[in-house]
Each structure stands twice: as C-alpha cells, then as structure tokens.
Amino acid sequence: MRVHRHWTEKKLEEMTERCWRIFREDFNISYKGSKIPRPMRCWAESKLRPELLKAVERAGYKSPSAIQMAAIPLGLQQRDVIGIAETGSGKTAAFVLPMLNYITRLPPLSEENKAADGPYAVVMAPTRELAKQIEDETVKFAHYLGIKVVSIVGGRSIEEQAFKIRQGCEVVIATPGRLIDCLERRYIVLNQCNYVVLDEADRMIDMGFEPQVVGVLDAMPSSNLKPENEDEQLEGEKIYRTTYMFTATMPPAVERLARKYLRNPVVVTIGTAGKATDLITQHVIMMKESDKMYELQKLLGELGEKTAIVFVNTKKSADSLSKALDKAGYRVTTLHGGMSQEQREISLEGFRTNRYTVLAATDVAGRGIDIPDVAYVINFDMCGSIEMYTHRIGRTGRAGKKGVATTLLTLQDKQVFYDLKQMLIQSSSPVPPELARHEASKFKPGTIPDRPGRRNDMVFMPFYRPLVSF
Ligand code: ADP
Ligand code: MG
C-alpha cells in the first residue's frame, strides 16, 4: 500500500490539494475570499527579491510565521488583505516585506526627483510606541535596500518630520492624528502612495481615529483603486493601490472602512484570533483592594531576574505604584499616556535592557508594543473588558515562550466576571471558587437571567461583536 508522504518531505511541485489542506491545518491558517494564492512554505519559496531574502536571513528569521506564510504571497500579488492573528505572531514583517518588495520596483526618491509627490507607502498605527516598533522592524530590512523610512508621530517637531519627508523617503509610518495634521498643513502629500497599511485598525477606531484614518485614505489618488468588480481584468503594467488591514476584532466602523477602501480582500485568520495563547498560564486571585499591595510584593518577590509588567487603570495609580515599589527596593519604571514621548522611550528602553525588571503601566502598554521576554503579566487592577484583558496578557507567552498572567480581582470588577470566567474555562485555567459561584459570573451583564442556555463563547471569534453590552 502506498503511504502518503507528509508535505514537509515534498517538493513544491509535488504538493497536492490534500498536502495544502494539511499544511493549512498544521499552521492554523484559514482564508476567506476568492482566487487566493498559495501560502509560502519557507522563505526560499517566497517570491521576495534576493536582496530582501538576504535581509531576512540577516535578521535571523529562520522560517516564516504562519501569518507571514499566508500574507506575503498575497501582498506580492498586490491583493488587499485583512489579517487577523495574535499579538507577537509576526504581523509586521508580513506587511513590511511585500511593501519593500513593491518599492524596489520604483525609482528611489530624492529631493531632485519625485520626492515632492510624497512617499510610496504609508503605515498607520494607533500609538507612537507601536509606530516606533514598526519603524524598527521596517528599517531592519529597508536599510540594506537603501529605502528610507520616516515616522510621523506626535511629541516630536512636526517641522523636522516635514523636512525629512521633503528630502525624500519611500516609507512613512505614522499615527493618524499627526499624519492628518501634516496633510492639512501641506507638509506632505500622498500623490504616489499606493501601498497602505492600517495596523491594529480596531484600536485606531477605539481611540477615535476614524475621521483621521478616512482623511488620510481620501488624500490618496483614488484612480489607482482596483475595480469594484472582482472579475474585471487588472491591467498588467498598472500599479494598483494595495491595502492591508490588521485587526483583532471587526466592530462596525472597521467593517465600514474595509468595505469602502479594500477591494476584493482576502481575509486571513491564524488560529482563533483574540484567544489568549495556550502558552500563558492564567491565575486569578480574589481579594480585597487593601490586600493587593501585599500580594503584589509577594508575587514580585518570586520573580528573580525575570521581568514583569504590572497593569493598573489610571496614570495616577501607575505613578504611585511605581513610587511604592521603588521604595520597596524594586527596579521599577513607569509607562502611561501622561508621559512625554522622551520619557516613554527612556522608560521602555530601560525595561528592554533589563535596567528595570518591573514596568508599572496603563493600557498604553497593553497593545502592540514589542517588549521581548516578559515572563510575567500582573493585573494589579483588572481592566473593564475581556478584550483588553486578552491584549494585556498577550504581553507574555510570545514567540513560543511560556508566560504567566496573574490577576488580582476584587468585587469592584463585577462587570467582567462573566467573560473572565468563560475565558478561564476555555483555556482550562483554574476558576477561583468565589468567582465561580458569584452571581455576576453566571450571566452576561445585560442579558436576562431567565435564559440560562445562552453562552457567550463567540466573543473570541473574529467578526463577532456581542450584541448586548453593558
Ligand atoms: P505582531 O505585530 O503580530 O504582534 P511583531 O511583528 O511585532 O508581532 O513580531 C513579534 C516579534 O517576532 C518581533 O520581535 C519580530 O522581530 C519577531 N519575528 C517576526 N517574524 C519572525 C520570524 N519569521 N522569525 C523569528 N522572529 C520573528
Ligand atoms: Mg503588530
């Protein structure tokens, strides 16, 4: 009897439909859309230019992550993409590499030539930190190709940023507010921008950036949008606008954006997006507010040389917690939205380089910031929603490493009891008895308690938004 060989033992041309199905299952890749190109199995099989492959090798990326396997071939065909994958899964390189590949086809921009028409590509991200992180990841590859990258974020001189753009830069990475500011003051135009990325689109919307995002998209030439009708032939030589959108959830405003600006997009989902990774051990401890500090010090006492992020809900608590921990002898630093850009960067840098082992942070640090090797996330204050909880604990358990997340829960946090309990059950984490038997953990807030059959596990699925909220 003939035994099927696994896809890993096959050459590309030997791959059958069945092999590809198993491949997708192995990497938890699912697609929605039409005419979807095959994922790439390894870097060598990607159609990236040799200089880029060389840069990938220098970065030490031995094999592509699942989102990279699925999304890079899409970007290389200038397809529009909606990507849904967990934090830490390598989404940045998944859009940066095809973007740089596209740019290498175009003449370099300098003051003498077409720099006045603006950059070739724009990436928008919700926070300065995230923009910085994307810039670092882009420069990692771009500098070998002579592609110039400028970030346009608040807290820095706008004139200086405008000056850099006028000198010619191919890629702009920006927060939407500052970018629209630059557009309105005519510091920048986007006449030849045909590669657009909206990173963490849902977060940008949450932060109220919808008008700015729309404003930026409308500032680009619409003549390059692909035809609405997907069957229409694309012209071979013509450059079309390619739009990438990454998001963890699909609230209506994000869907609106997608419908208006994306053409025949392919939706790529890796795993069950939004679900906390299995590598994170979750603990929840029920306690009184007044016992939290004692408990925290006990937890941090066991930390050794490992690093921890301690989340609180307000800037004030971040400052006071930081002060208290500093007094108690911990190497602690702070991160919150009330700090200047400089302060935030110094603080993050100190944490990254292990000068500090504890970071007291508000939700500014909850998403998108790449802080490697955080062994431990502590929710000193529980957050108001399970989505934010997922993002916070996603600061640990990244890149295949194991992590621990501990939450100090009080009776003030009733509004998340139900969702938190479901989350713990689904991830096979222990549910503290006080939480398990608490009335507020038995029904979703706002639902009617006489319909006990109602489950809410859909919360963790993309494209689903609970209809009843509180
Ligand atoms: P996401 O945007 O999905 O949260 P990032 O793009 O920030 O994730 O990547 C997380 C980390 O993984 C970064 O430090 C990045 O340099 C690293 N990384 C990305 N792709 C690879 C790869 N193929 N191999 C090894 N490390 C990678
Ligand atoms: Mg990211």
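Residues numbered from 1 in each chain as written. Chains lettered and ligands numbered in written order. Predicted model: local features only at pLDDT ≥ 70, side-chain atom pairs only at ≥ 80, totals over all residues. Heavy atoms only, no water.

Operational definition: UniProt positions are given in the numbering used here, feature names are shortened, and annotations may be inferred rather than shown by experiment.
In the nomenclature of an unreviewed UniProt entry, the chain corresponds to DEAD-box ATP-dependent RNA helicase 21 from the organism Liquidambar formosana. What UniProt states about the chain under its Subcellular location (unreviewed entry) heading is, verbatim, "Nucleus". Note on the chain: under the UniProt heading Catalytic activity (unreviewed entry), the record states "ATP + H2O = ADP + phosphate + H(+)".

1. A short note on the packing of aromatic side chains
What counts is decided by this rule: Paired rings are identified among Phe, Tyr and Trp, the last through its six-membered ring, by centres lying within 6.5 Å, and are further divided according to the angle between planes into stacked (under 30 degrees), edge-to-face (over 60) and tilted (the rest). The way it works is that DSSP assigns letters per residue, a run of H or I at least four long becomes a helix, a run of E at least two long becomes a strand, and they are numbered from the N terminus. Classification of residues uses two cut-offs on accessible area relative to the type maximum, computed with a 1.4 Å probe and protein chains only: under 20% is buried, over 50% is exposed, and between them is partly exposed.
For the coordinates displayed, the defined rule picks out 9 aromatic pairs. When the ring of W7 is compared with that of F27, the centres are 5.9 Å apart and the planes differ by 55°; the resulting orientation is tilted. Here F27 lies in the loop between α1 (17–26) and β1 (29–32) and W7 lies in the segment before α1, a separation of 20 residues in the sequence. Take F27: its relative accessible area is 27%, and that puts it in the partly exposed class.

2. Concerning unusual backbone geometry
In this structure, N28 takes a positive phi of about 60° despite not being glycine. Mapped onto the elements, N28 comes out in the loop between α1 and β1. According to the relative accessible area criterion, N28 is partly exposed, its value standing at 48%. With a phi angle near 60°, Q78 is a residue other than glycine that sits in the positive phi range. With respect to the helices and strands, Q78 occurs in the loop between α3 (66–76) and β2 (81–84).

3. Observations concerning the sheet that holds strand β10 (residues 307–311)
Counted only if it meets this: Between any two strands, pairing holds if DSSP finds at least two bridges. Between the N-to-C directions of two axes lies an angle of 0 to 180 degrees, each axis being a line fitted to C-alpha atoms and, for a helix, fitted only over the stretch in contact. By definition, residues are in contact when any of their heavy atoms lie within 4.5 Å.
In spatial order, the strands read β9-β14-β13-β10-β12-β11; together these 6 strands make up an open sheet with parallel pairing. Across the chains shown, the open sheet's two edge strands, defined by having one partner strand only, are β9 (280–286) and β11 (332–335). Sheet twist, expressed as the average angle between the axes of neighbouring strands with direction ignored, equals 20°. As paired strands, β10 and strand β12 (residues 358–361) are joined by 4 bridges and run parallel to one another. Residue pairing for β12: V310 is matched across the bridge by A360. The sheet contacts of helix α15 (residues 417–426) involve β9 and β14 (403–409), and relative to β9 the element is tilted by about 140°.

4. Quick word on the environment of A116
Its place among the elements puts A116 in the loop between α4 (91–103) and β3 (121–124). With a relative accessible area of 67%, A116 lands in the exposed category. Taking the C-alpha atoms as reference points, A116 and Q167, 51 residues apart in sequence, are found 8.6 Å from one another.

5. Some remarks on the nonpolar core
Here is the rule we go by: Side-chain atoms within 4.5 Å are what join buried Ala, Val, Leu, Ile, Met, Phe, Trp, Tyr and Cys residues into a set we call a nonpolar core.
L97, L100, F141 and V268 are the most contacted members of the largest nonpolar core, which has 55 residues in total. Looking at which element gives the most residues to this core, the answer is α4, with 9 residues. If you look at the next biggest cluster of nonpolar residues, it comprises 37 residues, including V122, V150, C169 and F209.

6. As for the pairing of strand β7 (residues 242–246)
The buried fraction of β7 amounts to 5 of the 5 residues, a majority that puts the element mostly inside the structure. Side chains of β7 alternate between two faces, with T242, Y244 and F246 and T243 and M245 buried alike. In this sheet, β7 lies alongside β2 in parallel orientation, the contact comprising 3 bridges. If you follow G83 over to β7, its bridge partner there is F246. Pairing between strand β6 (residues 195–198) and β7: 4 bridges, direction parallel. Bridge assignment links V197 to a residue of β7, and that residue is Y244.

7. A look at the packing of helix α14 (residues 386–393) against α15
Operational definition: Every angle not falling under 35 degrees, over 145, or within 65 to 115 is termed oblique; those three ranges are roughly parallel, roughly antiparallel and roughly perpendicular. Put simply, Ala, Val, Leu, Ile, Met, Phe, Trp, Tyr, Cys and Pro go in the nonpolar bin, Asp, Glu, Lys and Arg in the charged bin, and everything else, Gly too, in the polar bin.
Where α14 meets α15, the axes come as close as 9 Å, and the angle between the chain directions of the two elements is 45°. Taken together, α14 and α15 sit at an angle that is classed as oblique. Of the residues in α15, those in contact with I386, Y389, T390 and I393 of α14 are D419, L420, M423 and L424. Residue composition of the contact of α14 with α15, by class: 6 nonpolar, 1 polar and 1 charged.

8. Things to note about the UniProt feature "short sequence motif: Q motif" (unreviewed entry) in the chain
UniProt's entry tags residues 41–69 with the feature "short sequence motif: Q motif" (unreviewed entry), counted in the numbering of this structure. With 48% helix and 0% strand, residues 41–69 has end C-alpha atoms that lie 6 Å from one another.

9. Overview of the pairing of β14
Burial runs high along β14: 6 of the 7 residues are buried. In this structure, β9 lies alongside β14, joined through 7 bridges in parallel fashion. Of the residues in β14, the one forming a bridge with Q282 is A405. Relative to β14, strand β13 (residues 374–379) is paired through 4 bridges, and the arrangement is parallel. Paired with V377 across the bridge in β14 is A405.

10. Topic: the pattern of salt bridges
Two side chains that carry opposite charge are able to pair once their charged atoms sit near each other. Formally: Put simply, a salt bridge is a Lys or Arg side-chain nitrogen that is within 4 Å of an Asp or Glu carboxyl oxygen.
Throughout the structure, instances matching the rule amount to 20 salt bridges. Between R49 and E51 there is a salt bridge, and its shortest N-O distance comes to 3.3 Å. We note a salt bridge from E345 to R156, for which the minimum N-O separation is 3.1 Å. In this pair, E345 is assigned in helix α13 (residues 341–352) and R156 in the loop between β4 (149–152) and α6 (158–166), connecting sequence segments 189 residues apart. On the accessibility criterion, E345 (24% relative accessible area) is partly exposed. Note on R156: relative accessible area 34%, which makes it partly exposed. Put simply, R156, E342 and E345 are held in one network by salt bridges that share partners.

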